Amino acid sequence: MKKYRLSGREKKFCICFLGSGDPANAACRAGYLKNADEVGEELLCKEEIACELERLAEVRERALANTAAAGYKRLAFGNIADAVSLLYKETPPSAELGEMDLCSVSEIKRPRDGSMEIKFFDRLKALERLESYTPQENEAAGLFEAINKSARADGSDENGD
């Protein structure tokens, strides 16, 4: 049996459909301008298109998982020096703020008394989430366990309070 290769428009249809979930819109964006409703439905019924959509969905899922894992790594292991330096600045210029790495900051408040409060994302929760995104690598689990034991040893509870 000869393997069917998707045309350029069929590949574009798959990508557009995965993004929108609308067969007519995807067909139109892929260049099927006449009867886009019908063509979109017909393309969805093709086995080759279904296989390509499944393959693209798996690739997309892995990419999103990798993006999420990278974000959780930044939260868990990120540097807080830029955020702490804000405590010592009266009014930092906008350009300087744009250069700062404030990824680990969840909230900044400046109460009326002129002080500043900075809250950070929970690093332990980020490690827990990171562990769920990297089940094949158990490095985060070991580090999480070590941090958790350390927190218990110094009298903190599991919520970090």
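Residues numbered from 1 in each chain as written. Predicted model: local features only at pLDDT ≥ 70, side-chain atom pairs only at ≥ 80, totals over all residues. Heavy atoms only, no water.

A. Structural context of the side chain of Ser104. Among the structural elements, Ser104 can be located in the loop between helix 6 (94-99) and strand 1 (105-109). Beyond its immediate sequence surroundings of up to four residues, Ser104 is in contact with Leu75, Asn79, Ile80, Lys119, Phe120 and Phe121. (Helix = DSSP H or I, 4+ residues; strand = E, 2+ residues; numbered from the N terminus. Contact = heavy atoms within 4.5 Å.)

B. Layout of the side chain of Glu52. Its place among the elements puts Glu52 in helix 4 (residues 47-77). With residues near it in sequence (within four places) discarded, Glu52 still touches Leu6 and Cys14.

C. Representation of the packing of helix 1 (residues 8-20) against helix 4 in the model. Running from amino to carboxyl end, helix 1 crosses helix 4 at an angle of 55°, the nearest separation of the two axes being 10 Å. Taken together, the axes of helix 1 and helix 4 lie oblique to each other. Classified by chirality, the crossing of helix 4 by helix 1 is right-handed. Residues Glu10, Phe13, Cys14, Ile15, Phe17, Leu18 and Gly19 of helix 1 lie in contact with helix 4, whose contacting residues are Ile49, Glu52, Leu53, Leu56, Ala57 and Arg60. Tallied by class, the residues present in the contact of helix 1 with helix 4 amount to nine nonpolar, one polar and three charged. (Axes fitted to C-alpha atoms, helices over the stretch in contact; angles between N-to-C directions. Parallel < 35°, antiparallel > 145°, perpendicular 65-115°, else oblique. Left-handed = near helix turned anticlockwise from the far one by under 90°. Nonpolar A, V, L, I, M, F, W, Y, C, P; charged D, E, K, R; others polar.)

D. Broad picture of the packing of helix 1 against helix 3 (residues 36-45). The contact between helix 1 and helix 3 brings their axes to 11 Å, and the two run at 95°. The pairing of helix 1 with helix 3 is recorded here as roughly perpendicular in orientation. Facing Glu10, Phe13 and Phe17 of helix 1, the residues of helix 3 in contact are Gly40, Leu43 and Leu44.

E. The arrangement of the environment of Phe17 in detail. Structurally, the position occupied by Phe17 is in helix 1. Through-space distance from the C-alpha of Phe17 to that of Ala27 is 7.9 Å; in sequence the pair is 10 residues apart. Not counting residues within four places of it along the chain, the set of residues in contact with Phe17 comprises Asp22, Pro23, Ala26, Leu44 and Leu53.

F. Here's a closer look at the pattern of salt bridges. Counted under the stated rule, the structure contains five salt bridges. For Asp101, the salt bridge identified is with Arg74, shortest N-O distance 2.8 Å. You can see Asp101 sitting in the loop between helix 6 and strand 1 and its partner Arg74 sitting in helix 4, a full 27 residues away along the chain. By relative accessible area, which is 29% here, Asp101 ends up partly exposed. By relative accessible area, Arg74 is classed as partly exposed at 46%. (Salt bridge = Lys/Arg side-chain N within 4 Å of Asp/Glu carboxyl O. Buried < 20%, exposed > 50% of the residue type's maximum accessible area, 1.4 Å probe, protein only.)

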